[in-house]
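Descriptive analysis of the structure
One letter stands for each residue in the lines below.
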Amino acid sequence: MRSTKMIVVTFCIAVIYSFSASAEEMSDARQLIKLPKNIESKMLINMRDHISALDDIIAAVHKDEYDKAADIAESRLGWSSLVRRGDQEVAKHWAAPMKKMADAMYRASSNFVIVAQDASVEETKASYKKVIGSIQQITLSCRGCHEVFRVR
Ligand code: HEC
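Keep in mind that what you see is a predicted model, and the values were worked out from it rather than measured.

Looking only at helices and strands, one finds seven helices and two strands in the protein. Secondary structure elements of the protein, listed N to C terminal, follow the sequence α-β-α-α-α-α-α-α-β. In the protein, the share of contacts with a sequence separation of at least 24, taken over all contacts with a separation of at least 6, comes to 71%.

Written out as structure tokens, the structure is:
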């Protein structure tokens, strides 16, 4: 009887321990950036447009519409998007390292414009490869920031 109790207790301890271990594995190491509610929702609206823009860029490239892809990149993810969408108002609330990561996205997107424009003239396999590499520089900038920061 006593040994059954011991087994049950040991089992319970093991279960509790395994829960806490997996909670630790799941722990979120990203840095929380606290934003005023209206700024946070504005930022997330912009973010949702970022992923739509990316999808629109890939769709345009797939159809060999490089000039269209370039326009989307510049106006919705590049330096021009900062002014157009009022990202500046949101970015004021960001920590300096986060602003730097955002700059990496604007830079990668504006660089993409040149690569895409070249591809629209050249239309070679090599230029297509450069276009894909340049898109990946954009997604790398998204990923870089998402791995480090969160707002909730
Ligand atoms: C400067 C940092 C930064 C950059 C660059 C960035 N994001 Fe984000 N994004 C965030 C943060 C922070 C969140 C909120 C994550 C959280 O709190 O869990 C977010 C959230 C999102 C969301 C979720 C929106 C929602 O409504 O929940 C999407 C989609 C997204 N980002 C797409 C992108 C794409 C695509 C790119 C690149 C083209 C990008 N982001 C670039 C910081 C960034």
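This is not the end of the story, as more comes after the structure.
A few words on the nonpolar core. I57, A69, A73, F112 and A116 are the most contacted members of the largest nonpolar core, which totals 19 residues. Broken down by secondary-structure element, the contributors of at least two residues to this core are helix 2 (37-62), helix 3 (66-76), helix 6 (96-122) and helix 7 (125-148). Ranked by residues supplied to this core, first place goes to helix 6 with seven residues. Setting aside chain neighbours within four positions, we find A73 in contact with I57, G78, S109, F112 and V113.

What follows is about helix 7. With 24 residues, helix 7 ought to run about 34 Å at 1.5 Å a step, and its terminal C-alpha atoms sit 35 Å apart, in line with that. Residues of helix 7 that are buried include every one of V131, S134, I135, I138 and S141, and no others. Looking at the buried positions of helix 7, the neighbouring elements they touch are helix 2 and helix 6.

This part is about the environment of Q136. Mapped onto the elements, Q136 comes out in helix 7. A residue is classified by how many C-beta atoms lie within 10 Å of it, and Q136, with 12 of them, is exposed. Spatially, the C-alpha atoms of Q136 and A108 are 9.0 Å apart, while their sequence positions differ by 28 residues.

Around the ligand there are 20 residues in total, and M47, H50, C142, C145 and R150 lie nearest to it. For the shell around the ligand, the leading source of residues is helix 2, giving six residues.

Our next topic: helix 2. Between its terminal C-alpha atoms helix 2 stretches 38 Å, which fits the 38 Å expected from 26 residues at 1.5 Å a residue. Those residues of helix 2 lying buried are A53, I57 and V61. Taken together, the buried residues of helix 2 touch helix 3 and helix 7. Once helix 2 ends, the next one or two residues include D64, with phi positive near 60°.

Turning our attention to the packing of helix 2 against helix 7. Following both chains from N to C, one finds helix 2 and helix 7 inclined at 170°, their axes separated by 12 Å at the closest point. Regarding the angle of helix 2 to helix 7, the classification is roughly antiparallel. Residues H50, L54, I57, I58 and V61 of helix 2 pack against V131, I135, I138, T139 and C142 of helix 7. Here the contact of helix 2 with helix 7 is composed, by residue class, of eight nonpolar, two polar and no charged.

Let us look at unusual backbone geometry. Even without being glycine, D64 reaches a positive phi, approximately 60°. With respect to the helices, strands and loops of the structure, D64 is situated in the loop between helix 2 and helix 3. The residue E123 is not glycine, and still its phi comes out positive at about 50°. Here E123 lies in the loop between helix 6 and helix 7.

All right, on to the packing of helix 2 against helix 3 then. Close contact between helix 2 and helix 3 brings their axes to 8 Å; oriented N to C, the two are set at 165°. Considered as vectors, helix 2 and helix 3 are oriented roughly antiparallel to each other. The element helix 2 and its partner helix 3 pack so that their crossing is left-handed. Seen from helix 2, the contacting residues are D49, A53, D56, I57, A60 and V61; seen from helix 3, they are Y66, K68, A69, I72, A73 and R76. Of the residues assigned to the contact of helix 2 with helix 3, the class counts are eight nonpolar, no polar and four charged.

Cut-offs used in this document
Residues numbered from 1 in each chain as written. Predicted model: local features only at pLDDT ≥ 70, side-chain atom pairs only at ≥ 80, totals over all residues. Helix = DSSP H or I, 4+ residues; strand = E, 2+ residues; numbered from the N terminus. Contact = placed C-beta atoms within 7 Å. Core = buried A, V, L, I, M, F, W, Y, C linked by C-beta atoms within 7 Å. Buried ≥ 20, exposed ≤ 12 C-beta atoms within 10 Å, placed from the backbone. Expected span 1.5 Å × (residues − 1). Near = placed C-beta within 6 Å. Axes fitted to C-alpha atoms, helices over the stretch in contact; angles between N-to-C directions. Parallel < 35°, antiparallel > 145°, perpendicular 65-115°, else oblique. Nonpolar A, V, L, I, M, F, W, Y, C, P; charged D, E, K, R; others polar. Left-handed = near helix turned anticlockwise from the far one by under 90°.

As far as function goes, none of this settles anything; it's purely spatial.
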